[in-house]
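Here is how the chains run, residue by residue.
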Protein chains: 4
Amino acid sequence: MAKDKNSESAILLIHCEDKRGIVASVSEFINKNDGNIIFLDQHVDYEKNIFFMRVEWELSDFRIPKEKIGEYFQILIGNNFNMKWDLHFSDEKIKMAIFVSKQPHCLYDILSRYSSGEWKNAEIPLIISNHPDTGDFARKYGIDFHHFPVSAENKIQQEKAELNILKEYGVNLVVLARYMQVVSADFINEFQNKIINIHHSFLPAFPGAKPYHSAYERGVKIIGATSHYVTSELDAGPIIEQDVCRVSHKDSIKDMVRKGRDLENVVLSRAIWAHLNRKVLAYENRTVVF
Amino acid sequence: MAKDKNSESAILLIHCEDKRGIVASVSEFINKNDGNIIFLDQHVDYEKNIFFMRVEWELSDFRIPKEKIGEYFQILIGNNFNMKWDLHFSDEKIKMAIFVSKQPHCLYDILSRYSSGEWKNAEIPLIISNHPDTGDFARKYGIDFHHFPVSAENKIQQEKAELNILKEYGVNLVVLARYMQVVSADFINEFQNKIINIHHSFLPAFPGAKPYHSAYERGVKIIGATSHYVTSELDAGPIIEQDVCRVSHKDSIKDMVRKGRDLENVVLSRAIWAHLNRKVLAYENRTVVF
Amino acid sequence: MAKDKNSESAILLIHCEDKRGIVASVSEFINKNDGNIIFLDQHVDYEKNIFFMRVEWELSDFRIPKEKIGEYFQILIGNNFNMKWDLHFSDEKIKMAIFVSKQPHCLYDILSRYSSGEWKNAEIPLIISNHPDTGDFARKYGIDFHHFPVSAENKIQQEKAELNILKEYGVNLVVLARYMQVVSADFINEFQNKIINIHHSFLPAFPGAKPYHSAYERGVKIIGATSHYVTSELDAGPIIEQDVCRVSHKDSIKDMVRKGRDLENVVLSRAIWAHLNRKVLAYENRTVVF
Amino acid sequence: MAKDKNSESAILLIHCEDKRGIVASVSEFINKNDGNIIFLDQHVDYEKNIFFMRVEWELSDFRIPKEKIGEYFQILIGNNFNMKWDLHFSDEKIKMAIFVSKQPHCLYDILSRYSSGEWKNAEIPLIISNHPDTGDFARKYGIDFHHFPVSAENKIQQEKAELNILKEYGVNLVVLARYMQVVSADFINEFQNKIINIHHSFLPAFPGAKPYHSAYERGVKIIGATSHYVTSELDAGPIIEQDVCRVSHKDSIKDMVRKGRDLENVVLSRAIWAHLNRKVLAYENRTVVF
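What you see is a predicted model, and the numbers here were worked out from it, not measured in a lab. (Residues numbered from 1 in each chain as written. Chains lettered and ligands numbered in written order. Predicted model: local features only at pLDDT ≥ 70, side-chain atom pairs only at ≥ 80, totals over all residues. Heavy atoms only, no water.)

Examining the nonpolar core
A general trend in soluble globular proteins is that nonpolar side chains are found buried together. In this structure, A:Met96, B:Met96, C:Met96 and D:Met96 are the most contacted members of the largest nonpolar core, which totals 200 residues. Among residues more than four places away in sequence, those in contact with B:Met96 are B:Ile110, B:Trp119, B:Ala122, B:Glu123, B:Ile124, B:Pro125, B:Leu126, B:Leu173, B:Val175, B:Ile272 and B:Leu276. (Core = buried A, V, L, I, M, F, W, Y, C linked by side-chain atoms within 4.5 Å. Buried < 20%, exposed > 50% of the residue type's maximum accessible area, 1.4 Å probe, protein only. Contact = heavy atoms within 4.5 Å.)

Listed below in structure tokens is the structure:
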């Protein structure tokens, strides 16, 4: 249970080889400097002997000035345990770009949540699509819309142009909301674990195109959706969230597509929420979702 | 599995005392007149000996003219079995009015689905609220918005005014999308099984106000949402759909409210979808959802 | 809802090309001969234009003698529609053989259900294993136990011997309750759609050996189990039932195995129940579960 | 993820008013004395400002002798934070008594799990029933069976006799496996948070008798089961685990009872497993399940 913050808080996501005393050292570091811990969770992967931790504390009375926390933490704690860590602050804005193709439901769902204030620290400055269809909707919400038609020929140049725009807008999270183009390794390298995709199957079943058709053909009794960080291997990146619903022989492919839309919306939005709240730690090809 | 209609279809929802030969008679009636059945499902409640049936057939080659089907069916079949039945046509538009208070998420979700064409035969001509908050959003979608502030004093007059407007617009389905006012028996009588409410608990658990607070207090491990037709008894009408999600001691009331929003959206939209597709048959205090 | 039978009933499982009038003809055939229908469900696969039906009726007043029903139905109805059909009677006993290896949980669960009378028309005359471990348990329940150690060399002879024993006992359903041997095509041909296997993953994800290890490696957030009829292609037969449960980074492989056991038990027993009650119709590589 | 223990471990379940430095102090206490932490989870209820923690560490190299750990912990840590805590050891056996009435499925399921070694530290020395029916089954497993017929007249004496027997056997966990008698406050006081009951509904819906009948009457679309610690108020004790499954108008009360049995088995066994592994901390009327 995260406390309702009455002030700004700092968030540390840590992982390193498991050793004795990590929790004690980290929590001491915060307590001795009058930081009030409002969330602490740790996990050890005993298969691989890796320690993971997420700790969040209020900055109101914290002795170390905000801009010095990272430096002090590295010297006083990080070095001893050879830690990899990320430091975040609750009031940082995350700038999300939404990529979409023709199917609009995930985009619509995202903007509904955005409008209703579900995502406190998110900003959506632009929407990018390889089709013009959702442009009017974007404008209705006062969000810039950029149309990049993609063909085999222009794919590389268009991606370059997209990257430039993302930099202009200072985007630090890309959401592929049923964006039906494969993004290149170069693009992905610019956004390591910062591109979230929604795939309309319970991966690793039915990767690639037309998963509902494959699910129908296979005669499964349950369909699913999977949100994951995008890596160079198609639909094989670290899974953030999955969910499923029952189907039966009575469900046509069309019925599966309809039921699947709700899964896609909910699974994608849960992944976005977890990422925005700095609850996801990706390592190797897996995630710890605190 | 309902066939993709290449033409208009007729839908019969039937219930009566269970007797032999009902299915045979009804399907014969359709077949002999060259109606092509694209959906047939029947159910018998053996506790109460009631027979239920939903049958849908294409009208393209059907011999009986559309406006005569009801009359012929009553004389040739209905009378023999003392049936209660409703006849619908797939191309009828259903005019939905959305009632909302301050919480906008269900309204946003409904309009997302509406915009993405999820509901073929639905029209949303107006939104009614006891608060002005969602007015701008309604106008963004080009939907009339009517603000009826409600107090203990003006409640009865306001409902009368609302009823008049609903009639003006020819509304035949009222959706209470987190509308936090109890509607009166007079209002309900005007819309028998035509008012769908979403309640944010797993009814019959936690009826009435603040169910998430009650759920938290009781320490349940699962929360839910329930969509039902509104009857004069609060939160006790025929249930159309329910769904749940797991919670743990880590979930604060705020977390439950957040997780619950997705449940409310999905459960309400499933109920609307079933109603629009004439799949719901309410009897006594229960529903058959074909 | 199936009526509580106060008398023996007959069950027809039908499929054929979809045409007009099938439901009418079949239900007429039963009604005209004073059969009281207690279950009727039909389904049309519009992708493939195949009609499916399950109908069950009480035989108490039925005019056609039990042993003549098949003949009459074929002549009066089956021929007209070129139907494939199976006729069953509610009082037929189904003789199940349980195949098990070292992991006993599915066997234990099956015998618990068997002892508590959950499966009215089932008999379990024997248990076959490639390991001696579960022998004492079988004997505790007074069920014959046959130990067939299997090696690369003796596999073929052992299967022959197993087939002979199954015939001796008049077995007409084989349940592979975590039986870790691949059965040969010859064996399968003797029991077309009469061998039910439980696979400990959410097929088509993770077929073959060690699915929980693969699930852990892939970092999925949901694990599952699948019961299916066995075909010559490994873990690719018609799926009867599936179910899933959530896992997180906190679940080790051991935790997944533990949680998976409950899934395997429940999913396998649901498939057995559906088969025993003649609710499953397999066609091509899919099932209709009425 | 709990590490596979290569040695005995100690488990501390702690709760107290939330203050700074608790996690640091407790983990330091263990680390400074060369205890190797294999599980640590903490939780703060910010509604009530209560801190909860479960920590488990290997004793192999631990400097403080097993029998002194409690004393040292109280003096060095507990006093400073005014903690309530329980100390357990992984090799302690827990002696479970199973209470059952006529419905045997939960008993059968428990004994299946017990036989398959699912519960490492559990012993089931006796089964108590108000009916003789399950006696043979108990004996089949070599477990003592005691029959205590209960009537309005003899209830109090019989409970006294039961209590005496439980003491003789050194029972420290009572499982009501569909035991259809209300146990008295005196009985409950002897086993504070040591009596686990399975109720066949998703509490707080449908407490008391015949919940499936009530669920059918209410027309719910989902049924559930709830395991909880028994308190003097009927079906109102701290909930340990709940689960649900979908039903439809097609499910008769009998179908609900059948589907419910699997829920009851799984939900009860999960609660037992959590209790046996010292993962449950009950406070006020809620539980923290680590």
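Focus on the packing of aromatic side chains
Enumeration according to the criterion identifies 48 aromatic pairs over all chains in this entry. Three or more aromatic residues joined by ring pairs form one cluster here, namely A:Tyr108, A:Phe137, A:Tyr141, B:Tyr108, B:Phe137 and B:Tyr141. The residue whose ring lies beneath A:Lys140 is B:Tyr141, and the NZ or CZ to ring-centre distance is 4.2 Å. Note that C:Lys66 overlies the ring of C:Phe89, its terminal NZ or CZ placed 4.8 Å from the centroid. (Phe/Tyr/Trp six-rings, centres within 6.5 Å; stacked < 30°, edge-to-face > 60°. Lys NZ or Arg CZ within 6 Å of the ring centre and 35° of its normal.)

Focus: the sheet that holds strand S2 (residues 36-45) of chain B
Paired through their backbone hydrogen bonds, the strands of a sheet run either parallel or antiparallel. Residues and elements named next belong to chain B. Taken together, the 4 strands give an open sheet; going across it, the order is S2-S3-S1-S4, and neighbouring strands pair in antiparallel fashion. Of all the strands in the sheet, the pair left with one neighbour each is S2 and strand S4 (84-89). Averaged over all pairs of adjacent strands, the angle between their axes in this sheet comes to 10°, without regard to strand direction. For strand S1 (residues 9-17) and strand S3 (residues 50-58), the ladder comprises 9 bridges, and the chain directions are antiparallel. Within S3, the position partnered with Ile14 by the bridge is Met53. (Pairing = 2+ DSSP bridges. Helix = DSSP H or I, 4+ residues; strand = E, 2+ residues; numbered from the N terminus. Axes fitted to C-alpha atoms, helices over the stretch in contact; angles between N-to-C directions.)

Thoughts on the domain arrangement of chain A
All names here are of chain A. Taken domain by domain, chain A holds domain 1 (9-89) and domain 2 (94-289). Once you take the C-alpha centre of each, domain 1 and domain 2 turn out to be 31 Å apart. Residue-level contacts link 13 residues of domain 1 with 9 residues of domain 2. Approximately 910 Å² of surface area, both sides summed, lies buried where domain 1 meets domain 2, with 62% of it carried by carbon and sulfur atoms. When the buried area of domain 1 at its contact with domain 2 is split by residue, Leu13, Phe52 and Arg54 rank highest and sum to 42% of it. The tally of links from domain 1 across to domain 2 stands at 2 salt bridges. Counting across the interface, domain 1 meets domain 2 through 5 residue pairs in polar contact (both at pLDDT 80 or more). Elements with a contribution of two residues or more to the side of domain 1 that touches domain 2: strand S1 (9-17), strand S2 (36-45) and strand S3 (50-58). Residue classes in the side of domain 1 that touches domain 2 are distributed as 7 nonpolar, 3 polar and 3 charged. (Domains from an automatic or database assignment. Buried area = accessible area lost by both parts, 1.4 Å probe. Salt bridge = Lys/Arg side-chain N within 4 Å of Asp/Glu carboxyl O. Polar contact = N/O pair within 3.5 Å; in protein donor to acceptor, adjacent residues only side chain to side chain. Nonpolar A, V, L, I, M, F, W, Y, C, P; charged D, E, K, R; others polar.)

Points about the side chain of A:Lys279
All names here are of chain A. Relative to the helices and strands, Lys279 resides in the loop between helix H8 (253-276) and strand S12 (280-283). For the buried residue Lys279, which engages in no salt bridge, the nearest side chain bearing the opposite charge is Glu56, 6.0 Å off. Here Lys279 is in contact with Phe39, Arg54, Trp273, Ala274, Val288, Val289 and Phe290, once residues within four sequence places are set aside. (Lys, Arg positive; Asp, Glu negative; His and termini not counted.)

Considering the interface of chain B and chain D
With 38 residues of chain B in contact, the opposing surface of chain D contributes 38 residues. In total, about 3,200 Å² of surface goes out of reach between chain B and chain D, with carbon and sulfur atoms giving 50% of it. Our count for the chain B to chain D interface comes out at 8 salt bridges. When the shortest N-O distance is used, the salt bridge between B:Lys250 and D:Asp41 registers 3.6 Å. Summed over the shared surface of chain B and chain D, the number is 21 residue pairs in polar contact (both at pLDDT 80 or more). Contributions of two or more residues to the side of chain B that touches chain D are made by S2, helix H7 (211-218), strand S11 (239-246), helix H8 (253-276) and strand S13 (286-289) of chain B. Class assignment for the residues of the side of chain B that touches chain D results in 16 nonpolar, 8 polar and 14 charged.

Quick word on the interface of chain A and chain C
For an interface, size is often stated in terms of accessible area lost upon the parts coming together. Residue-level contacts link 38 residues of chain A with 38 residues of chain C. A buried area of about 3,200 Å², summed over both sides, lies between chain A and chain C, and 50% of it is on carbon and sulfur atoms. Summed over the shared surface of chain A and chain C, the result is 8 salt bridges. Between A:Arg246 and C:Glu241 there is a salt bridge, with its nearest N and O atoms 2.7 Å apart. The interface formed by chain A and chain C contains 20 residue pairs in polar contact (both at pLDDT 80 or more). Every element with two or more residues in the side of chain A that touches chain C is listed here: S2, helix H7 (211-218), strand S11 (239-246), H8 and strand S13 (286-289) of chain A. Along the lines of polarity and charge, the residues of the side of chain A that touches chain C split into 16 nonpolar, 8 polar and 14 charged.

Topic: the packing of H8(A) against H8(B)
Running from N to C, H8(A) and H8(B) point in directions that differ by 170°, and their axes come no closer than 12 Å. Taken together, H8(A) and H8(B) sit at an angle that is classed as roughly antiparallel. Every pair of crossing elements has a handedness; the one defined by H8(A) and H8(B) is right-handed. Counting all contacts with H8(A), which are made through A:Arg258, A:Asp262, A:Val266, A:Ser269 and A:Trp273, the residues of H8(B) involved are B:Arg258, B:Asp262, B:Val266, B:Ser269 and B:Trp273. Residues that form the contact of H8(A) with H8(B) fall into these classes: 4 nonpolar, 2 polar and 4 charged. (Parallel < 35°, antiparallel > 145°, perpendicular 65-115°, else oblique. Left-handed = near helix turned anticlockwise from the far one by under 90°.)

Observations concerning the relation of the copies chain B and chain D
Once chain B has been moved 0.0 Å along the axis and rotated by 180°, it coincides with chain D to within an RMSD of 0.0 Å. Interpreted geometrically, this transformation is the action of a two-fold axis. Considering only C-alpha atoms, the part of chain B nearest the rotation axis is B:Ala205, at 2.4 Å. By residue overlap, the copies meet face to face through one surface: 100% of the interface positions of chain B are interface positions in chain D. (Least-squares fit on C-alpha atoms with pLDDT ≥ 70 in both.)

Some points on unusual backbone geometry
Here the amide bond leading from C:Leu203 into C:Pro204 is cis, since omega sits at 10°, within 30 degrees of zero. Within the fold, C:Pro204 resides in the loop between strand S9 (195-199) and helix H7 (211-218). With a phi close to 50°, B:Asn82 is a non-glycine residue in the positive phi region. Residue placement: B:Asn82 occurs in the loop between helix H2 (69-81) and S4. By relative accessible area, B:Asn82 is classed as exposed at 62%. Although it is not a glycine, C:Arg278 adopts a positive phi angle of roughly 55°. Along the chain, C:Arg278 falls in the loop between helix H8 (253-276) and strand S12 (280-283).

As for the sheet that holds strand S7 (residues 144-147) of chain D
Residue and element names in this part refer to chain D. Reading across from one edge, S7-S6-S5-S8-S9-S10-S11 is the order of the 7 strands in this open sheet, with mixed pairing throughout. Unpaired on one side and paired on the other, S7 and strand S11 (239-246) mark the two borders of the sheet. Strand-to-strand twist in this sheet, taken as the mean axis angle between neighbours without regard to direction, amounts to 20°. As judged from the 4 bridges shared by strand S9 (residues 195-199) and strand S10 (residues 222-229), these two strands associate in the antiparallel manner. Within S10, the position partnered with Ile198 by the bridge is Ser227.

A few points about the relation of the copies chain A and chain C
It takes a turn of 180° to lay chain A on chain C, together with a shift of 0.0 Å along the axis; the resulting RMSD is 0.0 Å. A shared interface surface links the copies, since 100% of the contact residues of chain A are contact residues in chain C too.

Overview of the pattern of salt bridges
All names here are of chain B. In this structure the tally under the stated criterion is 108 salt bridges over all chains. Note that Glu241 and Arg270 form a salt bridge whose closest N and O atoms lie 2.7 Å from each other. Of this pair, Glu241 sits in strand S11 while Arg270 sits in helix H8, and the two are 29 residues apart along the sequence. On the accessibility criterion, Glu241 (10% relative accessible area) is buried. Assessed through its relative accessible area of 30%, Arg270 is described here as partly exposed.

Some words on the pairing of S2(A)
Residues and elements named next belong to chain A. Across the 10 residues that make up S2, a large majority, 10, are buried. With 9 bridges joining them, S2 and S3 adopt antiparallel strand pairing. Following the sheet pairing, His43 is matched in S3 by Phe52.

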